[in-house]
Amino acid sequence: MRPAAVDTPQVLVNGRPGAGVPPLDRGLGYGDGVFRTLRIDAGAPRWWDAQLAQLAADCAHLGIVCPPEAVWRDDLSRLQLPEHGVLRLTVTRGEGERGYRPPAFATPTRIVAVWPGEALADAPRSVAARVCRLRLGHQPALAGVKHLNRLENVLARAEWQDPEVAEGMLLDQAGRAVGGVMSNLFVWRRDTLLTPRIDACGVAGVARARLMERAAGAGIAVAEADLGLDDVLEADELVFTNSVILLWRAARLDGRAWGAPVISPTLWNLLHA
């Protein structure tokens, strides 16, 4: 396959370059599908096994048949992966008739997209963030799943245009912290690493799970907790994680500012390893 232009993603739909998604695909019509976004470094996807396992778990949660690893591997072999970039794997339920009822038998649609990107820095980036006005609704049946219906995140991200603000923090309808618009959230407070529970809404990110496991293995106290906005603002340090950025530390959240890093360099090293 000819290399893509610098800013043009390479895309395969069911293994075919240049193919489109059928108009009656349920992913397009109803957000009936799931996806995972991976970072590419040294020409290879990071955390491949964990990402595929979570993609399969999310598919199973919705009753969608997830393509096996060999199929994804074959798709990747048809693409020219950049030295650094972003890979998105998407699975929809496939085509179906009009109406919400899922078809009894459907052939899933799989989409692979690759974008070129930049290499990671050697230390966590310090960013400004804001508290979003939008409040996430509760839906325990979908909590943790990275499904295709991300309109809440779209509306939250539309709240600001300031290029100095890199992330927005989301609260749920009860005022509990959930995470960032595109990330999970960790609070360092009183020598404990806390992260919001993902039991009513939000996405259970692979980077989140990896950091919790590695921090605990390094002897750091880690816990899921119900965190209000005051808990976040009173943190000794605040960090955001996802599989592309790995980890950002908050230098500012609205009117609250944090000075020198406290735990973020250690967390960065644990997540980066």
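Refer to the structure above for everything that follows.
Residues numbered from 1 in each chain as written. Predicted model: local features only at pLDDT ≥ 70, side-chain atom pairs only at ≥ 80, totals over all residues. Heavy atoms only, no water.

## Considering the overall build of the chain
The cut-off we apply is this: Helix and strand assignments come from DSSP, with helices taken as H or I runs of at least 4 residues and strands as E runs of at least 2, each series counted from the N terminus. Atoms considered for the radius of gyration are the C-alpha atoms alone. The globule rule reads 2.2 Å times the number of residues to the power 0.38. Each residue gets one of three labels from its accessible area relative to the maximum for its type: buried under 20%, exposed over 50%, partly exposed in between, using a 1.4 Å probe on protein chains only. When checking whether two residues touch, look at their non-hydrogen atoms; a contact exists if any pair is within 4.5 Å. Areas reported here follow the Shrake-Rupley algorithm with a probe of radius 1.4 Å; residue values treat only the protein chains shown as occluding. Only four residue types enter the tally: Lys and Arg on the positive side, Asp and Glu on the negative side, with His and both chain ends excluded. Charged groups are reduced to one reference atom each: NZ for lysine, CZ for arginine, CG for aspartic acid, CD for glutamic acid.
A count of helical and extended segments in the chain gives 7 helices and 15 strands. Expected size for 273 residues packed as a compact globule is a radius of gyration near 19 Å; at 19 Å, the chain falls within 12% of this value. Along the three orthogonal principal directions, the C-alpha set of the chain runs to about 50 × 40 × 40 Å. Each of the 273 residues in the chain was classed as buried or not, and the buried ones make up 49%. Here the analysis covers contacts within the chain between residues at least 6 apart in sequence; of these, 72% occur between residues at least 24 apart. Element-wise, carbon and sulfur atoms account for 53% of the exposed surface of the chain, whose accessible area totals about 13,300 Å². Treating the 30 positive side-chain charges of the chain as one cloud and the 31 negative ones as another, the clouds have centres 3 Å apart.

## Comments concerning the environment of Glu118
If you trace the backbone, Glu118 turns up in the loop between β6 (109–116) and β7 (125–136). In this structure, the C-alpha to C-alpha distance between Glu118 and Pro82, residues 36 residues apart in sequence, is 9.8 Å. Discounting residues that sit within four places of it in the chain, Glu118 has contacts with Arg39 and His84.

## Topic: the environment of Pro108
Here Pro108 lies in the loop between β5 (84–92) and β6. Each residue touching Pro108, except ones within four places of it in the same chain, is listed here: Asn14, Ile64, Val65, Val91, Thr92, Arg93 and Gly94.

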